[in-house]
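This is what each chain is made of:
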Amino acid sequence: MDYGTLRGIITIVVMVTFIGIFAWAYSSSRKQQFDDAANLVFSDDEQNSVSKDSGEQK
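Residues numbered from 1 in each chain as written. Predicted model: local features only at pLDDT ≥ 70, side-chain atom pairs only at ≥ 80, totals over all residues. Heavy atoms only, no water.

By the naming in an unreviewed UniProt entry, the chain is Cbb3-type cytochrome c oxidase subunit 3, taken from Shewanella schlegeliana.

Okay, structure coming up:
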């Protein structure tokens, strides 16, 4: 096996891996989980744990 064949095999493996990750990320069965993860920053759970008094004095 020469160097060119090895590079070709590595290219094919990387391309198949990329297509697999792409298919996994854009599959419709994962959409709800990704949407939930994207909205975690807007969840009210953290706001409830922070006291309403911000420490400012009037």
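There is more to say, and it comes next.
## Observations concerning the pattern of salt bridges
Within this structure, the stated rule accounts for 1 salt bridge. Put simply, Asp 35 and Lys 31 hold a salt bridge, and the shortest N to O gap is 3.1 Å. One end of the pair, Asp 35, and the other, Lys 31, are both in helix 2 (residues 31-38), 4 residues apart, so they sit about a helical turn from each other. By relative accessible area, which is 31% here, Asp 35 ends up partly exposed. (Salt bridge = Lys/Arg side-chain N within 4 Å of Asp/Glu carboxyl O. Helix = DSSP H or I, 4+ residues; strand = E, 2+ residues; numbered from the N terminus. Buried < 20%, exposed > 50% of the residue type's maximum accessible area, 1.4 Å probe, protein only.)

## Focus on a nonpolar patch on the surface
There is a patch of nonpolar side chains on the surface, built from Met 1, Tyr 3, Leu 6, Ile 9, Ile 10, Val 13 and Val 14 and spanning about 760 Å² of accessible area. Checked against the element boundaries, Met 1 lands in the segment before helix 1 (3-25). Given a relative accessible area of 80%, Met 1 falls into the exposed group. (Patch = residues over 30% accessible without salt bridge, like charges linked within 9 Å, V, L, I, M, F, W, Y side chains within 5 Å. Areas by Shrake-Rupley, 256 points an atom, 1.4 Å probe, with all protein chains shown as cover.)

## Re the UniProt feature "transmembrane region" (unreviewed entry) in the chain
Annotation from UniProt places "transmembrane region" (unreviewed entry) at residues 6-26. As a span, residues 6-26 carries 95% helix and 0% strand, and end to end its C-alpha atoms are 30 Å apart. (UniProt positions renumbered as here; feature names shortened; annotations may be inferred.)

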